[in-house]
Amino acid sequence: MTSKTRHDLIRYLAYLLEFLLLLTLQSTPRLFPRFFGAAPLFLAPAACLIAMYEPEIPSIFIGLFAGLLLDFSGGGILGFHATVLAILCYFIASLCEEYLQTNFVTALILGVVSVFLVVFFNWVFLYLLPGYSYPGYAFARHYLISFAVTAVFVPLLYLLNRLIAVTIHE
Amino acid sequence: MKKFFHTKSFRVLIGVVVVLLGVLIYTQSVDSSVTANIISFLSSPIQKASSSATNSVRETLFPEDEKTLADRVAELEEENREYRRQLIEFEETKKLVEQYRQMLGIREEHSDFSMVPAAIISTDSMNPFFVFTIDKGDRDGVSEGDPVVSKDGLVGWISNVYKTTSVVTTIFSEDAHIGATVVTKRETGVIESNIKLADQGYVRLSFLDTNTQISANDLVTTTGLSGNYPKDIMVGRVISVESSENGISKHAVVKPYAKIRDLEDVFVITDFEGKGEVDASELYPPESSSQTESSSSENSSDVSSLQSESSEGVRPGETGSSSGEGDSGEPNENPEE
């Protein structure tokens, strides 16, 4: 096993532990306070921020795994968040590889935009399209607040994932 | 741009998306999922441990004040650690005993119930209707559509089952359509909800007659007519009676007895007397028309014939939809039965 492969494996293991920790934080009842009834969604921005430091193909699977954890912990459609995050992580990885410099500002923008997209697609496919009532109220009262609460943690998640990506690297 | 679509990574993405869409369609059409069961098996122990630890810490006493002398302080610290450890063990045992006592209490009231106690290990961050996951699944005898109760009353139903965990949809969900009755007034309706009511912690008893006698503080229980829920499970207390949006019926705003947002433990009713059997006799009492009399005397479970013959403003039968699709599926179509 080469040094690069070993470092990659350790880094992915660190990401796996990070995902399990974030899943525990966001889904354990009464562990993390809810703001106006909305809970933060740590896994989505974490996966997207990791994709800024990883190549495209590993980013797809990182997004897929984070999405599967999100799907499983909720009552929605299995595979929905996995699909959304896999695609998002791929495009973020492509952007950062070709066009964007990875720094705090770009991480903040990409993190916030990706959280908004995940929340928006969640609202469209799991609330609006099934035909539930008061979609505007649901979006403003639950989904937007969840987005806002999650966006606050994007800088922290960026610093954590930057630490992992830079430290555990050949 | 053209080169972008010919890259290896883009092809991998397309492949992954196709597989995920296949998984998505497959899990929507059948009940089980190998992927979900694997993830459930891996993550549920961590979620269980985290939930248990959080509850223990919240119930633990704060450490006592320490004395100033160093030796006495060290001795007391050690003693304190030992007492705290014993207290945590005691609280766990006490909780278990209380859980079994509640289960016994419900069993004594409803001796025909088969129940599985379960702990809530995670909640869905994105779902506005407070969907949660419990630590019991298919291998514990839980199946899709099983009612979920707490010691106070009805909580919801099992909407997804995996090997070691299950997802519970609460009565706050817009998918809830549960037959209920106010026994003292002999009136029936359907328990429903929407996001605005759910935010306030209420549900509603819909399809009441415009001349309804139901009033505030009346007790609402399940009818058990459809076979999805046992009879006489406490649902809640009427807060107010209001005219419905359609203008031809009324609904009652009901406050559930179960403190759904503060629950730690629930019970899944895996079997009860009358499960899966549609009982139309209460909807069509003997003094109704001859056509409905023959239906009730035959004890018909043909829901479509009930729907065509119904002449009352009450939706015949109950439904407990198990998916997030917003449909109200018929209980007898549950493939687990």
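The coordinates are above.
Structure report, in brief. (Residues numbered from 1 in each chain as written. Chains lettered and ligands numbered in written order. Predicted model: local features only at pLDDT ≥ 70, side-chain atom pairs only at ≥ 80, totals over all residues. Heavy atoms only, no water.)

## What about the pairing of strand β10 (residues 234-243) of chain B?
Residue and element names in this part refer to chain B.
And step 1. Where strand β9 (residues 219-222) lies against β10, three bridges are found, and the strand directions are antiparallel. Note on β10: the bridge partner recorded for Val 220 is Gly 236.
And step 2. Bridge count between β10 and strand β11 (residues 250-256): seven bridges; the pairing is antiparallel. For Glu 242, the partnering residue across the bridge sits in β11 and is His 251.
And step 3. Between the antiparallel neighbours β10 and β11 lie six residues, among them Gly 247 with a positive phi of about 80°. (Pairing = 2+ DSSP bridges. Helix = DSSP H or I, 4+ residues; strand = E, 2+ residues; numbered from the N terminus.)

## Regarding the pattern of salt bridges
And step 1. Under the criterion given, the structure shown has 13 salt bridges over all chains.
And step 2. A salt bridge links Glu75(B) to Arg72(B), with the shortest nitrogen-to-oxygen separation between them at 3.0 Å. Taken together, the positions of Glu75(B) and Arg72(B), both in helix α3 (residues 70-109) and three residues apart, correspond to about one turn of that helix.
And step 3. The partly exposed category is assigned to Glu75(B), whose relative accessible area is 44%.
And step 4. One connected set of salt bridges, linked through shared partners, spans Lys4(A), Asp8(A), Arg11(A) and Glu54(A). (Salt bridge = Lys/Arg side-chain N within 4 Å of Asp/Glu carboxyl O. Buried < 20%, exposed > 50% of the residue type's maximum accessible area, 1.4 Å probe, protein only.)

## Some points on a nonpolar patch on the surface
All names here are of chain A.
And step 1. On the surface, a nonpolar cluster with roughly 420 Å² of combined accessible area is contributed by Phe 104, Val 105, Leu 108, Ile 109 and Val 113.
And step 2. Positionally, Phe 104 belongs in helix α5 (residues 104-128).
And step 3. Under the relative-accessibility criterion, Phe 104 is labelled partly exposed at 39%. (Patch = residues over 30% accessible without salt bridge, like charges linked within 9 Å, V, L, I, M, F, W, Y side chains within 5 Å. Areas by Shrake-Rupley, 256 points an atom, 1.4 Å probe, with all protein chains shown as cover.)

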